[in-house]
Amino acid sequence: MGSGRIALATCAIIPDLIPSERQLIPLLASRGITAIPVVWSDNSVDWKMFDLIVIRSIWDYHLRYPAFLRWLDLLEHSGIRVLNPVPTLRTNSHKSYLDDLRHGGVTVIRTVYFSSDERPDLARMMAANQWRQAVIKPCVAASAHLTFVLPEHIAEAQAALASGMYHNGGMLQPFVDQVQDPGEWSLVFFNGTYSHAVLKTAASGEFRVQHEYGGHVRASDPPASIIDQAADVMAALPAPLLYARIDGVEHDGLLILMEAELIEPDLFLLTQSLREVFADAIAAHLSGQS
């Protein structure tokens, strides 16, 4: 059984955490752990007062990226214990990590990157890759921020590029039909062990699976082969990881990785038993069992 005082890092727009994760507080208390929601960008916080910082719903970090990187530096230089670890957070915050995984043998959705000072002709780039449809997104982003499907929204995307809105570079990927049908898998791992999964589907006429765009989430059991392949992705990621969410689509039995979410993913703690599992995973770190 763990004990100690931990911060559940969140953001100013949801200072008390999302409801499912707010319910972690009494569960952790029953394990001897005092858990306090703390806004990551609050400069008045003394982070040294905590035995552990668990990164959770810091869902605005991409909008305040330089400040976020400075905060990570502060935590690292102060020797404060953070999960997931600061080097992992730093690397995972820029989506070029997908290319690193690809070089490591992981099957990743094909991606073309461009730097912040480039202004590519998107129609020409799509033609060069023989993509009928594509998706453009920033390399530092969350919740489909500045994400456009092409060619339907190519004028908006080119305008965003022209105005320099992709501050940290961008990426172009083929449109993946499976996101609409049958959907995108999110497989959740705690302390390296598979826990549960959901299947996310986009609303009719949409390509974004997030709730705010009408996306639908349902608990579902992936085929064993998909779980095994997600575990292979986990093996390619740095350890230790308190949590990870492996997002991908299935094509002819192959899991194609879309994202390895290691910073602030919704862990889809849809039931009390899943919240108990996450509380146990946190307690294991505090007791030195993980």
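Refer to the structure presented above.
Remember, predicted model here, so these are calculated numbers, not experimental data. (Residues numbered from 1 in each chain as written. Predicted model: local features only at pLDDT ≥ 70, side-chain atom pairs only at ≥ 80, totals over all residues. Heavy atoms only, no water.)

### Quick notes on empty space enclosed by the protein
Applying the stated criterion across every chain, the model contains 1 cavity of 30 Å³ or more. Volume-wise, the largest cavity comes out at about 30 Å³. Taken together, L98, D99, R102, V108, I109, R110, T111 and Y113 form the lining of the largest cavity. For the lining of the largest cavity, the element with the highest residue contribution is helix α5 (residues 97-103), accounting for 3 residues. Tallied by class, residues from the lining of the largest cavity come to 4 nonpolar, 1 polar and 3 charged. (1 Å grid on protein atoms, 1.4 Å probe; cavity = no way out; pocket = protein on both sides within 12 Å on 5 of 7 lines; lining within 4 Å. Points joined across faces, edges and corners; volume = space filled by probe spheres on them. Helix = DSSP H or I, 4+ residues; strand = E, 2+ residues; numbered from the N terminus. Nonpolar A, V, L, I, M, F, W, Y, C, P; charged D, E, K, R; others polar.)

### Focus: the side chain of K95
Checked against the element boundaries, K95 lands in the loop between α4 (86-92) and α5. Within the structure, the side chain of K95 is placed 2.9 Å from the side chain of E259, a separation counted as a polar contact. K95 has contacts with Y113, K137, P138, C139, A141, M171 and E259, leaving out every residue within four places of it along the chain. (Polar contact = N/O pair within 3.5 Å; in protein donor to acceptor, adjacent residues only side chain to side chain. Contact = heavy atoms within 4.5 Å.)

### Side note on the pairing of strand β9 (residues 184-190)
When you tally the buried positions in β9, you get 7 out of 7 residues, the bulk of the element. Here β9 shows two buried faces, one formed by E184, S186, V188 and F190 and the other by W185, L187 and F189. The hairpin formed by β9 and strand β10 (residues 193-201) contains 2 residues between the paired strands, and N191 there has a positive phi angle of roughly 50 degrees. (Buried < 20%, exposed > 50% of the residue type's maximum accessible area, 1.4 Å probe, protein only. Pairing = 2+ DSSP bridges.)

### What about the pattern of salt bridges?
Counted by the stated rule, this structure contains 10 salt bridges. Shared partners join several salt bridges into a network, and the residues in it are E184, K200, R245 and D247. (Salt bridge = Lys/Arg side-chain N within 4 Å of Asp/Glu carboxyl O.)

### As for helix α6 (residues 122-129)
Those residues of α6 that sit buried are L122, M125, M126 and N129. In an axial view of α6, the angular spread of the buried residues amounts to 100 degrees, which keeps them on one side of the axis. Facing away from the buried surface of α6 by more than 90 degrees, the exposed residues are R124, A127 and A128. Where α6 is buried, its residues meet β5 (112-114), β6 (134-138), β7 (148-150), α7 (154-162) and β8 (170-174). Where α6 begins, one side-chain oxygen reaches toward the backbone nitrogen of A123, 3.1 Å away; that side chain belongs to D121. (Arc of directions from axis to C-beta.)

### As for the sheet that holds β5
Ordered in space as β5-β8-β6-β7, the 4 strands form an open sheet in which the pairing is antiparallel. Edge positions in the sheet fall to β5 and β7, since each has one partner strand and no second. Put simply, the sheet's adjacent strands are angled 25 degrees from each other on average, direction ignored. Sheet topology places β6 next to β7; 3 bridges connect them, and they run antiparallel. Bridge pairing links A134 to L150 in β7. (Axes fitted to C-alpha atoms, helices over the stretch in contact; angles between N-to-C directions.)

### Re the pairing of strand β12 (residues 243-251)
Of all the 9 residues making up β12, 7 are buried; the element is thus mostly covered by neighbouring parts of the structure. Pairing analysis gives 6 bridges linking β9 to β12, with the strands arranged antiparallel. Across the sheet, V188 pairs through a bridge with R245, a residue of β12. For β12 and strand β13 (residues 254-261), the ladder comprises 7 bridges, and the chain directions are antiparallel. Bridging from a neighbouring strand, D247 pairs with E259 of β13. Counting the residues in the hairpin turn of β12 and β13 gives 2 residues, including D252, whose phi is positive at 50 degrees.

### As for α7
Those residues of α7 that sit buried are A157, A160 and L161. One side of α7 holds all its buried residues, which, seen down the axis, span an arc of 100 degrees. Across α7 from its buried face, at more than 90 degrees, point the exposed residues A155 and A162. The secondary structure elements touched by the buried residues of α7 are β5, α6, β6 and β7.

### A word on the side chain of Q173
Here Q173 lies in strand β8. Within the local environment of Q173, its side chain forms a polar contact with the side chain of T111, the two groups lying 3.0 Å apart. Those residues within four positions of Q173 in sequence are excluded, and the remaining contacts are L98, I109, R110, T111, W131, A134, V135 and K137.

Worth remembering: the numbers are spatial, not functional.
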